Amino acid sequence: MTDLMASGHYPVMLDEAIEGLAIKADGAYIDATYGRGGHSQAILSRLGANGRLLAFDRDIEAVLDARQRMAGESRFDVVHSAFGQLSDIVNERGLLGKIDGLLCDLGVSSPQIDSTERGFSFRANGPLDMRMDQSRGMSAAQWLQTAAEEDIRQVLFDFGEERYARRIARAIFARREVSPLTTTAELRELVIKASPKKERHKDPATRCFQALRIQVNDELGEIRRLLEQALSVLAPAGRLVVISFHSLEDRIVKRFMRSHSRQIDDLPRDIPLTAQAMPSQLKLIGKARRASQRELEENPRSRSAILRVAERCPC
Ligand SMILES: C[S@@+](CC[C@H](N)C(=O)[O-])C[C@H]1O[C@@H](n2cnc3c(N)ncnc32)[C@H](O)[C@@H]1O
């Protein structure tokens with residue numbers, strides 16, 4: 001058990017992620033989602049003196065943690081940036097096409113969820129913010145105050161699969177005419193009132209909070225940008241490892257990896273193409289993986305994790 005795990009921080013699917021990265025001691029790696037550095041520390045422990053690790057996080061608190069925790073670690077560098085800026089930042093460091101492995105552990109970190117002030121959780125009352133990067137963009141409260149009713153409905157339906165999206169959007173719209181929604185408790189209460197039937201074992205606000213978080217942070221747009229840029233960032237045989245936490249994320253990752261790994265054998269036989277004419281850019285490494293039974297018991301958050309690995313071609 002690492003120090004981090006002893007302190008209650010549990011990096012999800014750590015062994016599987018490290019195996020997927022196939023770390024070379026003198027390689028260059030990226031942790032696109034530093035969080036509290038659980039995966040970063042494991043990567044560093046496998047690198048030799050010439051290895052390098054570049055970490056990203058769009059949350060300044062995560063970056064401050066990295067600067068403190070990794071102080072004096074010359075093989076490590078951290079940037080306060082969304083990973084959607086991946087290729088610019090890698091290019092500035094002269095590492096384009098030289099990255100041997102890129103890890104992305106999507107979603108929010110435990111400190112973000114646990115901090116009432118950040119507004120990610122409906123379990124405690126706090127300001128309705130939900131931004132991972134509080135230095136830019138609109139908070140959830142600002143977005144709910146200014147978005148069209150139809151856009152709110154669409155977001156709740158698309159990103160939360162919320163069956164009462166229309167009723168909730170209408171209630172939000174009516175409420176904001178009177179006074180703005182500013183706290184997580186106000187929003188939760190509104191959702192409870194607007195939902196005619198409750199699901200067993202699930203807070204009625206769960207889907208709405210997930211949807212708003214995805215919208216406020218443009219989470220799906222960020223994943224698409226990261227994946228497109230990963231191809232130019234990775235070295236030949238470089239590994240791409242992504243851990244997703246819900247089907248909206250995993251669908252994007254799965255489709256991207258599959259579409260860039262299409263083999264000539266997958267095409268109809270009457271299409272006159274040679275393998276050289278249609279080189280695939282990725283090779284899939286194994287199937288999608290889930291957390292082990294032991295990890296599920298130790299860390300319930302790993303329940304919804306899905307890990308996928310692909311390798312940059314020519315391999
Ligand atoms: C699940 S946590 C990562 C935990 C980390 N692997 C660990 O072991 O501590 C996700 C982290 O990624 C960050 N993050 C999410 N989306 C991001 C993005 N588009 N760009 C940069 N960081 C992002 C969040 O701020 C959060 O700190």
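Residues numbered from 1 in each chain as written. Predicted model: local features only at pLDDT ≥ 70, side-chain atom pairs only at ≥ 80, totals over all residues.

1. So, the overall build of the protein chain
- A count of helical and extended segments in the protein chain gives 14 helices and eight strands.
- At 21 Å, the protein chain has a C-alpha radius of gyration in line with the 20 Å of a compact globule built from 315 residues.
- Dimensions along the principal axes, computed over C-alpha positions, put the protein chain at roughly 60 × 60 × 40 Å.
- Per-residue burial for the protein chain yields a buried fraction of 42% across its 315 residues.
- Taking contacts inside the protein chain between residues at least 6 apart in sequence as the whole, the part at least 24 apart equals 66%. (Helix = DSSP H or I, 4+ residues; strand = E, 2+ residues; numbered from the N terminus. Rg over C-alpha atoms; globule rule 2.2 N^0.38 Å. Buried ≥ 20, exposed ≤ 12 C-beta atoms within 10 Å, placed from the backbone. Contact = placed C-beta atoms within 7 Å.)

2. Some details on the packing of helix H9 (residues 165–178) against helix H10 (residues 184–194)
- Running from amino to carboxyl end, H9 crosses H10 at an angle of 130°, the nearest separation of the two axes being 9 Å. Of the possible angle classes, the one that applies to H9 and H10 is oblique. Read as a crossing pair, H9 and H10 show a hand that is right-handed. Contact residues: Arg 167, Ile 168, Ala 171, Ile 172 and Arg 175 in H9; Leu 190, Val 191, Lys 193 and Ala 194 in H10.
- Considering only residue class, the contact of H9 with H10 consists of six nonpolar, no polar and three charged. (Axes fitted to C-alpha atoms, helices over the stretch in contact; angles between N-to-C directions. Parallel < 35°, antiparallel > 145°, perpendicular 65-115°, else oblique. Left-handed = near helix turned anticlockwise from the far one by under 90°. Nonpolar A, V, L, I, M, F, W, Y, C, P; charged D, E, K, R; others polar.)

3. Quick word on H9
- The terminal C-alpha atoms of H9, which comprises 14 residues, lie 20 Å apart, in line with the 20 Å expected from a rise of 1.5 Å per residue.
- Ala 165, Ile 168, Ala 169 and Ile 172 are the residues of H9 that are buried. Buried residues in H9, looked at end-on, bunch into an arc of 100°, giving them a common side. Opposite its buried face, H9 presents the exposed residues Ala 174, Glu 177 and Val 178, each directed more than 90 degrees away. (Expected span 1.5 Å × (residues − 1). Arc of directions from axis to C-beta.)

4. Structural notes on the site of the ligand
- Every one of the 21 residues lining the ligand counts as a neighbour, but Pro 11, Thr 33, Gly 35, Gly 38 and Glu 222 are closest to it.
- At the level of elements, helix H3 (38–46) and strand S2 (52–57) are the ones that each hand at least two residues to the shell around the ligand.
- Counted by class, the shell around the ligand contains seven nonpolar, eight polar and six charged residues. (Near = placed C-beta within 6 Å.)

5. Observations regarding the domain arrangement of the protein chain
- Annotation of the protein chain at the domain level lists domain 1 (3–111 + 219–312) and domain 2 (134–216).
- Inter-centroid distance (C-alpha atoms) of domain 1 to domain 2 is 31 Å. (Domains from an automatic or database assignment.)

6. Here we look at the packing of helix H8 (residues 149–160) against helix H11 (residues 206–216)
- At a minimum axis distance of 8 Å, the contact between H8 and H11 shows a crossing angle of 100°. Between H8 and H11, the angle is such that the two are roughly perpendicular. Of the residues in H11, those in contact with Val 155, Leu 156, Phe 159 and Gly 160 of H8 are Arg 207, Cys 208, Gln 210, Ala 211, Ile 214 and Gln 215.
- Its residues assigned to classes, the contact of H8 with H11 shows six nonpolar, three polar and one charged.

7. Considerations on the pairing of strand S8 (residues 306–312)
- With six of its seven residues buried, S8 lies for the most part within the structure.
- Examined bridge by bridge, strand S5 (residues 234–244) and S8 share six bridges and lie antiparallel to one another. Residue pairing for S8: Val 242 is matched across the bridge by Arg 308.
- Looking at chain direction, strand S6 (residues 282–284) and S8 are connected through three bridges and run antiparallel. Counted as the bridge partner of Leu 282 is Arg 312 from S8.
- For strand S7 (residues 289–290) and S8, the ladder comprises two bridges, and the chain directions are antiparallel. (Pairing = 2+ DSSP bridges.)

8. Notes on H3
- Of all nine residues that make up H3, seven are buried, and the element is covered over most of its length.
- Buried within H3 we find Gly 38, His 39, Ser 40, Gln 41, Ala 42, Ile 43 and Leu 44.

9. Digging into unusual backbone geometry
- Residue Pro 314 is reached from Cys 313 by a cis peptide bond, and omega for that bond is 0°.
- Relative to the assigned elements, Pro 314 resides in the segment after S8.
- One non-glycine residue, Met 13, adopts positive backbone phi at about 45°.
- What makes Met 13 buried here is the crowd of 23 C-beta atoms within 10 Å.
- For Met 130, which is not a glycine, the phi torsion comes out positive at approximately 75°.
- With respect to the helices, strands and loops of the structure, Met 130 is situated in the loop between helix H6 (110–114) and helix H7 (140–146).
- With 26 C-beta atoms packed within 10 Å, Met 130 lands in the buried category.

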